[in-house]
Amino acid sequence: MTVNRCTTHGGICRRIWKEGKCVLHPPDTLPNTAGVSHTLHYGVVHDAARKKIVFIDVKEKKVMSTLDNVDCSKPLWPMFGVYNPEWITVSMRLVVGSDINMTEEKKAMIVKALS
Ligand SMILES: [Zn+2]
C-alpha cells in the first residue's frame, strides 16, 4: 500500500499493489495543498492458511482490498516506511498485539473478508 502524490488525480492517492501491479487505485484523493493534514487508519490482516491479505480502512469501516493467492511459501515481512521529510511531515504508529480494540463489527468484517 502506498500513499503518495498522484499525477492522474491531482492529489494524494492511496494505492494497493500486488507483485508490482496496482490492484486498487480509488479516485477519492486527499488534498495536496500546503498546511493540510489527514489521518489514515488502516488494518492489515494476513491469513497464511487461506493465502490472503486484506486491507481495511478502519475509519470508514470497510474492506479496501483483498489479495488472493498470496505466495506464502516464504516468510512475509511486514514493512512500513515514510520518507521525504524535507517536503512533508509524516508520523506513523504501528499497533500490534493483543491489546487492539476489536469490536464485534471489526471481527465480522475480517471474517467476511477472509471467507
Ligand atoms: Zn490517483
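Our structure's up above, just so we're on the same page.
In short, a report on the structure. (Residues numbered from 1 in each chain as written. Predicted model: local features only at pLDDT ≥ 70, side-chain atom pairs only at ≥ 80, totals over all residues. Heavy atoms only, no water.)

### Description of the pairing of strand β2 (residues 11-18)
Counting buried residues in β2 gives six out of eight residues, a clear majority hidden from the surface. Sheet topology note: the strand β1 (residues 2-6)/β2 ladder contains five bridges and is antiparallel. From the neighbouring strand, C6 faces β2, where its bridge partner is G11. Two strands pair when backbone bridges link them, and β2 and strand β3 (residues 21-24) are joined in this way by three bridges, in the antiparallel orientation. When the sheet's bridge partners are listed, W17 is paired in β3 with C22. Between β2 and β3, which pair antiparallel one after the other, the connecting turn spans two residues, and E19 there sits at a positive phi close to 50°. (Buried < 20%, exposed > 50% of the residue type's maximum accessible area, 1.4 Å probe, protein only. Helix = DSSP H or I, 4+ residues; strand = E, 2+ residues; numbered from the N terminus. Pairing = 2+ DSSP bridges.)

### Examining the sheet that holds β2
Read from one edge to the other, the open sheet built from three strands follows the order β1-β2-β3, with strand pairing classed as antiparallel. Looking along the sheet, the strands with just one partner apiece sit at the ends: β1 and β3. Each strand of the sheet is rotated relative to its neighbour by a mean of 60°, with strand direction disregarded. (Axes fitted to C-alpha atoms, helices over the stretch in contact; angles between N-to-C directions.)

### Overview of the coordination of the zinc ion
With distances of 2.0 to 2.3 Å, the protein atoms coordinating the zinc ion are C6 (SG), H9 (ND1), C13 (SG) and H25 (NE2). For the zinc ion, the donor residues sit on a single chain with the sequence spacing C-x2-H-x3-C-x11-H. Taken together, the positions of C6 in strand β1 and H25 in the loop between β3 and β4 (42-47) put the pair 19 residues apart, joining distant regions of the chain. We classify H25 as partly exposed; its relative accessible area is 26%. (Donors = N, O, S within 2.8 Å, 3.2 Å for Na, K, Ca; no water.)

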